[in-house]
Amino acid sequence: MQIKEKQVYYLFIVSTNGGLIYDKKFSSIPLDKRERMNSDAMMSIASSLHTIHDLCSLITPPSLQKLDKSSETMIPKKVKLETVISDTFRLSCFETLTGLKFIIITSLQSPDCRPLLKQMYELYADYVSKDPYHPADQPIKNATFERLVTALFTD
Amino acid sequence: MANLFELFIFDGAGKLLYYEDIQRLLYHSSGKGVPRMGSQQSTLVFEGNEDERDFLNRVKNIFGICFTLRSLARTISPTPINSFRSFVTSKYKLSIFEALTGVKLILLSAPDDLDYGPLLGSLYSEAYVEFARKNPFYTLGEPIDCPAFQAKLRELFGSLLPSATANTSRP
């Protein structure tokens with residue numbers, strides 16, 4: 001499934017220890033904003049999202065916590081941040097089993113992004129994880145991956 | 001409404017002004033027409049036991065997460081905005097209404113598709129403004145301790161139910 005490029009603002013991939021390993025700015029962001037969003041800003045956004053994702057489990061309502069304790073069999077289900085909604089954007093986050101997070105920030109009119117994030121995960125698994133020259137948890141510098149990710153978004 | 005869990009009201013500095021356990025408010029009240037002060041008192045009287053410490057930690061975490069997400073949303077947004085509206089996790093949904101004065105109303109609910117923005121807006125204008133701000137006996141920045149406020153909250157939450165329950169009727 002493909003999402004129009006004009007509806008997407010940012011893409012992030014955050015590693016398991018909170019570092020930013022991939023980011024992408026799209027042209028639908030206004031120019032002044034785009035210039036202010038340098039790599040430092042992107043890194044701090046990614047780290048904040050990583051932390052918030054982990055802290056989400058601390059504020060679950062007590063009635064839900066009690067439900068968990070009574071019905072959990074083996075592995076308690078971790079609380080995961082899924083969406084953040086504001087007036088101008090929607091942030092969707094997909095966390096893999098290994099703790100890698102794929103985050104996309106789109107406009108409110110865009111369709112559901114979870115299938116797209118899963119596609120990105122497949123691309124990551126095929127072209128980054130299996131890349132013998134890519135050190136684990138380092139920023140991705142893979143041209144093929146970049147090309148394929150760009151191809152996920154149509155005009 | 002089985003979907004709503006908790007309501008928190010903070011002032012701009014992060015002080016908790018009001019806390020309500022909505023399930024208890026709607027379904028377990030004494031039903032004699034006298035609003036209970038029970039849940040309110042947990043925020044006013046601190047005995048120093050472990051439950052209260054956990055609760056206070058939780059309160060601080062909620063405010064901290066909302067504060068961070070708010071500044072994150074302002075940074076990310078392509079056009080200038082004031083704050084985010086809600087975030088959804090796999091277990092719950094947190095909706096926030098921030099007034100221009102900095103007062104934040106935070107609602108924890110089930111992760112459904114309903115938009116609680118209008119509800120929070122009416123909580124602010126019909127309950128908080130009327131019974132807290134316009135109340136001559138209420139000092140700003142203090143926890144809200146007003147039976148009429150609680151009754152109004154019960155009415156506003158109860159109006160979401162498909163059929164009005166006995167809890168919302170006056171004696």
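Now for a look at the structure at hand.

Conventions adopted
- Residues numbered from 1 in each chain as written.
- Chains lettered and ligands numbered in written order.
- Predicted model: local features only at pLDDT ≥ 70, side-chain atom pairs only at ≥ 80, totals over all residues.
- Heavy atoms only, no water.
- Pairing = 2+ DSSP bridges.
- Helix = DSSP H or I, 4+ residues; strand = E, 2+ residues; numbered from the N terminus.
- Axes fitted to C-alpha atoms, helices over the stretch in contact; angles between N-to-C directions.
- Contact = heavy atoms within 4.5 Å.
- Parallel < 35°, antiparallel > 145°, perpendicular 65-115°, else oblique.
- Left-handed = near helix turned anticlockwise from the far one by under 90°.
- Nonpolar A, V, L, I, M, F, W, Y, C, P; charged D, E, K, R; others polar.
- Salt bridge = Lys/Arg side-chain N within 4 Å of Asp/Glu carboxyl O.
- Polar contact = N/O pair within 3.5 Å; in protein donor to acceptor, adjacent residues only side chain to side chain.
- Core = buried A, V, L, I, M, F, W, Y, C linked by side-chain atoms within 4.5 Å.
- Buried < 20%, exposed > 50% of the residue type's maximum accessible area, 1.4 Å probe, protein only.

## Quick notes on the sheet that holds strand β1 (residues 4–10) of chain B
Step number 1: Strand order in the open sheet formed by 10 strands is β3(A)-β2(A)-β6(A)-β5(A)-β4(A)-β3(B)-β4(B)-β5(B)-β1(B)-β2(B), and the pairing between neighbours is antiparallel. Here the strands that pair on one side only, and so sit at the sheet edges, are β3 (20–25) of chain A together with β2 (16–21) of chain B. In this sheet, adjacent strand axes meet at a mean angle of 10 degrees when their direction is disregarded.
Step number 2: The pairing of strand β4 (residues 81–86) of chain A with strand β3 (residues 84–89) of chain B spans 5 bridges and is antiparallel. Each residue of the ladder has a partner; that of A:Val84, found in β3(B), is B:Phe87.
Step number 3: Helix α5 (residues 143–151) of chain A rests against β2 (8–14) and β3 of chain A of the sheet, and its axis sits at about 45 degrees to β3(A).

## What about unusual backbone geometry?
When glycine is set aside, most residues are seen to have a negative phi, and most peptide bonds are trans.
Step number 1: In this structure, A:Asp137 is a non-glycine residue whose phi angle is positive, near 60 degrees.
Step number 2: Mapped onto the elements, A:Asp137 comes out in the loop between α4 (114–129) and α5.

## Observations regarding the pairing of β3(A)
Residues and elements named next belong to chain A.
Step number 1: Two elements, β2 and β3, share 5 bridges in a ladder whose sense is antiparallel. Note on β3: the bridge partner recorded for Val14 is Leu20.
Step number 2: Once β2 ends, the chain turns through 5 residues before running back antiparallel as β3, passing Gly18 with a positive phi of about 95 degrees.

## Here's the deal with the packing of helix α4 (residues 117–133) of chain B against helix α5 (residues 147–158) of chain B
A pair of packed helices is captured by two measures, namely the crossing angle of their axes and the spacing between those axes.
Residue and element names in this part refer to chain B.
Step number 1: Contact geometry for α4 and α5: axes closest at 9 Å, N-to-C directions at 160 degrees. In terms of orientation, α4 and α5 fall into the roughly antiparallel class. The chirality of how α4 crosses α5 is right-handed. Facing α4, whose interface residues are Leu119, Ser122, Leu123, Glu126, Ala127, Tyr128 and Phe131, α5 presents Ala148, Phe149, Lys152, Leu153, Leu156 and Phe157.
Step number 2: The residue makeup of the contact of α4 with α5, split by class, is 10 nonpolar, 1 polar and 2 charged.

## Section: the interface of chain B and chain A
Step number 1: Facing 29 residues of chain B, the contacting portion of chain A comprises 34 residues.
Step number 2: Taken together, the links from chain B to chain A amount to 1 salt bridge.
Step number 3: Taking the shortest distance from any N to any O, the salt bridge between A:Asp87 and B:Arg85 comes out at 2.6 Å.
Step number 4: Linking chain B with chain A are 13 residue pairs in polar contact (both at pLDDT 80 or more), by the criterion used here.
Step number 5: Mapped by element, the contributors of at least two residues to the side of chain B that touches chain A are β1, α3 (50–76) and β3 of chain B.

## Comments concerning the environment of B:Ile65
Step number 1: For B:Ile65, the position within the fold is in helix α3.
Step number 2: Considered as a pair, B:Ile65 and B:Leu4 are 61 residues apart in the sequence and their alpha carbons are 20 Å apart.
Step number 3: Other than its neighbours up to four places away in sequence, B:Ile65 contacts A:Ile52, A:Leu55, A:Cys56, A:Ile59 and B:Phe87.

## Comments concerning the side chain of B:Thr89
Step number 1: Looking at the element boundaries, B:Thr89 is found in strand β3.
Step number 2: Residues within four places of B:Thr89 in sequence aside, it is in contact with A:Cys56, A:Val79, A:Lys80, A:Leu81, A:Glu82 and B:Pro111.

## Digging into the nonpolar core
Residues and elements named next belong to chain B.
Step number 1: Counting 48 residues, the largest nonpolar core has Phe8, Phe87 and Leu94 as its most contacted members.
Step number 2: In terms of residue count, α3 provides more of this core than any other element does, 10 residues in total.
Step number 3: Sequence-distant contacts of Phe8, defined by excluding residues within four places in its chain, comprise Leu16, Tyr18, Tyr19, Phe55, Arg58, Val59, Ile62, Lys104, Leu105, Ile106 and Leu108.
Step number 4: Within the second largest apolar cluster, 27 residues are counted, among which are Leu7, Leu26, Ala127 and Cys146.

## Considering the pattern of salt bridges
Step number 1: The final tally for this structure, using the stated rule, is 12 salt bridges over all chains.
Step number 2: Salt-bridge contacts for B:Lys104 lead to B:Glu98; the nearest nitrogen and oxygen are separated by 3.9 Å.
Step number 3: The structure contains a network of salt bridges with shared partners spanning A:Lys78, A:Glu95 and A:Lys101.

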